[in-house]
Amino acid sequence: MSAAWGGALLWGCVGLWLLGLGRGALVVSPVEETEGAARSIQKRSAKNPETVEFYSVTVDCTVASRFAHTVMTSSALNRANTSQEIFFEVELPKTAFIANFSMEIEGEIYVGKVNEKEKAKKQYEKAVSSGQTAGLVQASGRKMESFSVSVNIAANSNVTFVLTYEELLQRKLGQYEILTRIKPRGLVQNFEIVADIYEPQGLAFVDAYGTFVTNELLPLVEKTVTDNKAHISFSPTLDQQRSCPSCDGTLIDGDFIIKYDVTRASSLGDIQIVNGYFVHFFAPPDLPRVPKNVVFVIDTSGSMMGTKMSQTRDAMRSILLELHSEDHFAVISFSSSETFWRETLSQATRENVNGAADYVRQLQAMGGTNINEAMMKAISMLITDRNKGKLPESSVDMVILLTDGMPNSGVSHLPLIQQNVKQAIGGNMSLFCLGFGNDVDYSFLDVMAKQNNGLARRIYEASDATLQLQGFFAEVASPLLSEVDINYPHNKVDSLTTNHFSQLFNGSEIVVAGRLTDNDLDNFMVEVFGQGQEDFQVKGQAAAVEWGVIYPEKEYIFGDFTERLWAYLTIQQLMETSKRGSADEKNNATAKALEMSLRYNFVTPLTSMVVTKPETEDGTESPLIADKLTEEQRQQFEKTGLLSSLQRQVHYYPPAPNYRVFLVDGDPHFIIELPEREDALCFNIDDSPGTIFNLVRDPASGILVNGQTIGDKKIAPGGKVNTYFGRLGIVHRGLGVKLEVTTQNITIFQDGKRVKLLWSEAASLKGANMDLRLSKDRSLRVTLRDSVQFVILLHKVWEKHPYHQDYLGFYTLDSHLLSPSVHGLLGQFYHGLEFEVGDLRPGEVPEKPDATMHVKGHQLNVTRGWQRDFRRDVKNGENVPCWFIHSNGTGLIDGSVSDYVMSGLFKSEKINN
């Protein structure tokens, strides 16, 4: 059996606080030993990858009463006669705590030890200063953080990596979700995902599915569910992983998702007691929702201009439509000053909602940012209407603030704004703060929200920002109870986690844990008080769940999980307390959180895990450091990470003898890839449909490639004319070959013969001068002898689409044999390009900074952006980061666009000649 050498697996199983997701990821790759050992895994490859076999990759997730315990294990064997370096990378949820990491190498086990962060930092800095590599946790996307380490493995030796982390699953929108992300780069001999769920309350439902699961793989998703236990597994064999019977590629690429909820029969909730610790889950069924009175405070300062403002308008219109008829609401937009839709709150009737939606639709971004004054007006409006009796007596008041920047108008001192808001609210309403983008001071919003019975949420600048805003509102749209107090016998418990909660929303859950001081449970009475549509009060006798009886084969499932759940929750809440309160309260909370992190071997923002790797050939040891980032650190990393990654690419690029790929696809987007420099240039060409452009022309060899554009069926309301390539002509006069490719068929002319193929066919034509291969994925590969290789893709559009139609993509894969005289919109770049990029600065869209490019004697303003490359994924494509040259590539291409307009599909004469 061949070795599964490139097996890189992303996976996970824990709860994510933000959206109730459980996710994590593991990447394993073999890497030949090089001097640049610290480079990213994406930039490394093995010359002899078959010498490293990843024979086992498993993830084992156990959930006991919402507390998830995940063990990731990966084993590899170095079959080579020389040492090999293996790179190990793990992505885990940003709210999970690493509890253990170990490596077993040649029978020696290297186990991580949790130290105070400052002590661990000194070890790490010492290693870095001595030139050694050290693993470090960094932010990875919105919800994950990445931890990586490389280790050198001797010839014919094994290595096993084991990572353990834990987290309390959070119920969001009525369910818990465990997500296993699978992104293999090859086949894995022994691959298995197993999840066991133990919920003594009983399971209401369990769903399991995969985005990559085909009909053939569906039977491999095994699910066994009883009243209070579920077992889910997915374990494809090596052959079942293959994308085709003779392929080394894998089908297993996507997300494996488990969703579940528990039964809720008691209004008191569920109390479980194991080994002297208890946990209480409270989410009573069938509570009526409480009307809400909400003031939306929307930042319309100049920094919101563009996409952020557009997404905010879209989200607000949808959010307004989700209001219930008994709710009351108001909308305040602010920049340097405030603008009111109305001076008081209005009931959410259809007429009022439509009127507010019209107001939101006209919001424009300009001016400064005066958060303090806008907040004072919003709070005053709620208080005034409440005092005047305009709002329902049994209702809850809330303010939702959306901002993307720092206050720079009016009161700008952050602590003073927090003080003013807290004093004005006076504990009588909840404040929810949404920080849009990376320029906002998230810590300022986080503290201000938590000082006022609410929470903060980051909204990431991305295409789904509208959905992020809508998703947050869905979580708080249906309040059930406010001012919830849960009381236990004082003489029977201590070390309680928070037992007072400002609100309980539909689809969420309250969790309280504590330690028992008395094992006599005969009089363990629990009382819950809250304010709903009516005063809520429930009282009852707690009964211990006999885990040994319910699950006789699994004593406590994994250790004393209730104690670890209590510790996890306590540390989380202490970390929150350390952000607010008096100096003494902050210091005491920090000290207690540190002590518990060390006691339970948790990697938290106050601790780091240190693993000393084996000695290298020079006799030195290097530590591996696993950290936990705060949200503020994540935000700072994302700010500096983007900038530094771009700055690393801002340097002089000399010409290279051969570039790997040049392409034109989409509307039409031209991309010049520079893989040796890990960069790309891109530009668009806008012209009227029917125009024929020269893409490649090599007079020495007689090669000519022209493309004719087509337009949309009709222009969408408010849209522009979009053009695509719908017809391509390829000529090689020296070989006597001519091809015409349209969105309907492919016609080949050679030696006086004519062959026509349909895109729906799979065909292969092989001749002395040309090889042609047509795949069912609508990919046509053309290889011309001793010169060049092209790939043409057909993009199919729904035939009844009102606007768009099918179009073609054109890719040059091998051009180094063409003559120095080759030219054309693509051809001119085949033999080298000198340019320099510098002066990186913010652009119109924050995630797309501008820069200055010096190329061909021109100084151009360019923008960092993305274009789609469909070679590997014909359906979805993949983003290629590139420097975008504006105005039809002016300054980058020779001459102007009109110089490339041809008089016919197979002609090399310009249309104006």
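Residues numbered from 1 in each chain as written. Predicted model: local features only at pLDDT ≥ 70, side-chain atom pairs only at ≥ 80, totals over all residues. Heavy atoms only, no water.

1. Digging into the overall build of the chain
- When helices and strands are tallied, the chain shows 13 helices and 53 strands.
- Per-residue burial for the chain yields a buried fraction of 56% across its 913 residues.
- Intrachain contacts of the chain at a sequence separation of at least 6 include 67% that bridge at least 24 residues.
- When the accessible area of the chain is evaluated, it comes to approximately 38,200 Å², of which 48% is carbon and sulfur surface. (Helix = DSSP H or I, 4+ residues; strand = E, 2+ residues; numbered from the N terminus. Buried < 20%, exposed > 50% of the residue type's maximum accessible area, 1.4 Å probe, protein only. Contact = heavy atoms within 4.5 Å. Areas by Shrake-Rupley, 256 points an atom, 1.4 Å probe, with all protein chains shown as cover.)

2. Structural notes on helix H3 (residues 307–321)
- Its 15 residues give H3 an end-to-end C-alpha distance of 22 Å, which sits within 8% of 21 Å, the value for a rise of 1.5 Å per residue.
- Among all positions of H3, only Lys 308, Met 309, Gln 311, Thr 312, Arg 313, Ala 315, Met 316, Ile 319 and Leu 320 are buried. (Expected span 1.5 Å × (residues − 1).)

3. So, the sheet that holds strand S31 (residues 525–531)
- With respect to topology, four strands assemble into an open sheet ordered S29-S27-S31-S32, the strand pairing being antiparallel. Every other strand in the sheet has two partners, leaving strand S29 (500–505) and strand S32 (535–541) as the edge strands with one partner each. Ignoring which end each strand starts from, the neighbouring axes of this sheet average 25 degrees apart.
- When S31 meets S32, the two strands line up antiparallel, connected through seven bridges. Its bridge partner being in S32, Phe 529 is matched across the sheet by Gln 537. (Pairing = 2+ DSSP bridges. Axes fitted to C-alpha atoms, helices over the stretch in contact; angles between N-to-C directions.)

4. So, unusual backbone geometry
- You will see that Asn 156, though not glycine, has its phi angle at about 55 degrees, which is positive.
- When you line up the elements, Asn 156 lands in the loop between strand S10 (144–153) and strand S11 (158–168).
- A positive phi angle, near 65 degrees, is found at Asp 286, a position not held by glycine.
- Relative to the elements of secondary structure, Asp 286 occurs in the loop between strand S19 (277–282) and strand S20 (292–299).

5. Here we look at the nonpolar core
- Core analysis: the biggest nonpolar cluster contains 58 residues, and Leu 681, Leu 695 and Phe 810 have the highest contact counts within it.
- Element by element, the count of residues in this core is highest for strand S48 (residues 788–795), at four residues.
- With residues near it in sequence (within four places) discarded, Phe 810 still touches Phe 662, Leu 663, Val 664, Leu 695, Val 705, Leu 728, Ile 730, Phe 790, Val 791, Ile 792 and Leu 826.
- Counting 53 residues, the second-largest nonpolar core is a separate cluster that includes Phe 88, Val 159, Tyr 176 and Leu 220. (Core = buried A, V, L, I, M, F, W, Y, C linked by side-chain atoms within 4.5 Å.)

6. Notes on the sheet that holds strand S7 (residues 108–111)
- Across the sheet, which stays open at both edges, the eight strands sit in the order S7-S6-S11-S4-S3-S13-S16-S15 with mixed pairing between neighbours. The open sheet has two free edges, formed respectively by S7 and strand S15 (222–225), since each of these has just one partner strand. Going across the sheet, the axis of each strand differs from the next one's by a mean of 10 degrees, ignoring polarity.
- In this structure, strand S4 (residues 67–78) lies alongside S11, joined through 11 bridges in antiparallel fashion.

7. Focus: the side chain of Lys 292
- The topology assignment puts Lys 292 in strand S20.
- Polar side-chain contacts of Lys 292 include one of 2.7 Å to the side chain of Asp 327.
- In contact with Lys 292, not counting residues within four places along its chain, are Leu 323, His 324, Asp 327, His 328, Val 396, Met 398, Phe 473, Val 476, Ala 477 and Pro 479. (Polar contact = N/O pair within 3.5 Å; in protein donor to acceptor, adjacent residues only side chain to side chain.)

8. Some words on helix H5 (residues 371–387)
- Under the 1.5 Å per step criterion, the end-to-end length of H5 is 24 Å for 17 residues, consistent within 8% with the ideal 24 Å.
- All buried positions along H5 are accounted for by Ile 371, Asn 372, Ala 374, Met 375, Ala 378, Ile 379, Met 381, Leu 382 and Asp 385.
- The N-capping residue of H5, defined by a side-chain oxygen 3.1 Å from the backbone nitrogen of Glu 373, is Asn 370.
- A positive backbone phi angle near 75 degrees is found at Gly 389, which sits one or two residues after H5.

9. Remarks on the state of the cysteines
- Enumeration according to the criterion identifies two disulfides in this entry.
- Each disulfide pairs two cysteine sulfurs, and for Cys 244 the partner residue is Cys 247, the sulfurs being separated by 1.6 Å. With the S-S bond torsion at 80 degrees, the cross-link from Cys 244 to Cys 247 turns out right-handed.
- The exposure class assigned to Cys 247 is partly exposed, which follows from its relative accessible area of 24%. (Disulfide = S-S within 2.5 Å.)

10. Description of the pattern of salt bridges
- The tally for this structure, following the rule as stated, stands at 30 salt bridges.
- Note that Asp 239 is salt-bridged to Arg 242, the shortest N-O span being 3.0 Å.
- As a salt-bridge pair, Asp 494 and Arg 515 come within 3.2 Å of each other at their nearest N and O atoms. Linking Asp 494 in strand S28 (residues 493–494) with Arg 515 in strand S30 (residues 510–516), this pair joins segments that are 21 residues apart in sequence.
- Asp 494 sits in the partly exposed class, given a relative accessible area of 30%.
- Looking at Arg 515, the relative accessible area reads 29%, which means it is partly exposed.
- One continuous salt-bridge network, built from bridges that share partners, spans Arg 66, Arg 171, Glu 199, Asp 261, Arg 264 and Glu 509. (Salt bridge = Lys/Arg side-chain N within 4 Å of Asp/Glu carboxyl O.)

11. What to know about the packing of aromatic side chains
- This model, assessed by the stated rule, comprises 23 aromatic pairs.
- Considering the side-chain rings of Phe 683 and Phe 829, the 6.4 Å spacing of their centres and the 50 degrees angle between planes classify their relative orientation as tilted. In this pair, Phe 683 is assigned in strand S38 (residues 679–684) and Phe 829 in the loop between strand S49 (807–814) and strand S50 (835–845), connecting sequence segments 146 residues apart.
- The exposure class of Phe 683 is buried, given its relative accessible area of 0%.
- Given a relative accessible area of 1%, Phe 829 falls into the buried group.
- Connected via pairs of aromatic rings, a cluster forms that spans Phe 67, Phe 97, Tyr 568 and Phe 602. (Phe/Tyr/Trp six-rings, centres within 6.5 Å; stacked < 30°, edge-to-face > 60°.)

12. Re the environment of Lys 223
- Structurally, the position occupied by Lys 223 is in strand S15.
- For Lys 223 and Val 206, which are 17 residues apart along the polypeptide, the C-alpha to C-alpha distance reads 8.7 Å.
- Sequence-distant contacts of Lys 223, defined by excluding residues within four places in its chain, comprise Val 206, Asp 207, Ala 208, His 231 and Ile 232.
- Separated by 2.8 Å, the side chain of Lys 223 and the backbone oxygen of Val 206 make a polar contact.

13. Comments concerning the pairing of strand S16 (residues 229–234)
- Judged from the six bridges that link them, strand S13 (residues 191–198) and S16 form a sheet pairing that is antiparallel. Counted as the bridge partner of Ala 195 is Ile 232 from S16.
- Two strands pair when backbone bridges link them, and S15 and S16 are joined in this way by four bridges, in the antiparallel orientation. The residue of S16 that forms the bridge with Val 225 is Ala 230.

14. Remarks on the confidence of the model for the chain
- Residue-level pLDDT values for the chain average 81, and 84% of them are 70 or greater.
- Confidence drops under pLDDT 50 across residues 1–49; counting only partners more than four residues distant or on other chains, this segment forms 205 contacts.
- Predicted confidence is poor over residues 642–659, with pLDDT under 50, and the contacts of this stretch with residues over four places away or in other chains come to 45 contacts. (pLDDT = per-residue confidence, 0-100.)

15. Description of the environment of Lys 856
- Position of Lys 856 among the secondary structure elements: in the loop between strand S51 (848–855) and strand S52 (858–869).
- With 21 residues separating them in the primary sequence, Lys 856 and Phe 835 have C-alpha atoms 7.4 Å apart.
- Excluding residues that lie within four positions of it along the chain, Lys 856 makes contacts with Gln 828, Phe 829, Leu 833, Glu 834, Gly 891, Leu 892, Ile 893 and Asp 894.
- Of note is the side chain of Lys 856, whose polar atom sits 2.6 Å from the backbone oxygen of Leu 892.

16. Considerations on the pairing of strand S36 (residues 662–665)
- Because side chains alternate across S36, one face comprises the buried residues Phe 662 and Val 664, and the other comprises Leu 663 and Asp 665, equally buried.
- Both S36 and strand S37 (residues 669–674) contribute to a ladder of four bridges, which runs antiparallel. Residue pairing for S37: Leu 663 is matched across the bridge by Ile 671.
- Hairpin connection from S36 to S37: three residues lie between these consecutive antiparallel strands, with Gly 666 at a positive phi of about 75 degrees.
- Two strands pair when backbone bridges link them, and S36 and S49 are joined in this way by three bridges, in the antiparallel orientation. By the bridge assignment for S49, Val 664 is matched with Phe 810.

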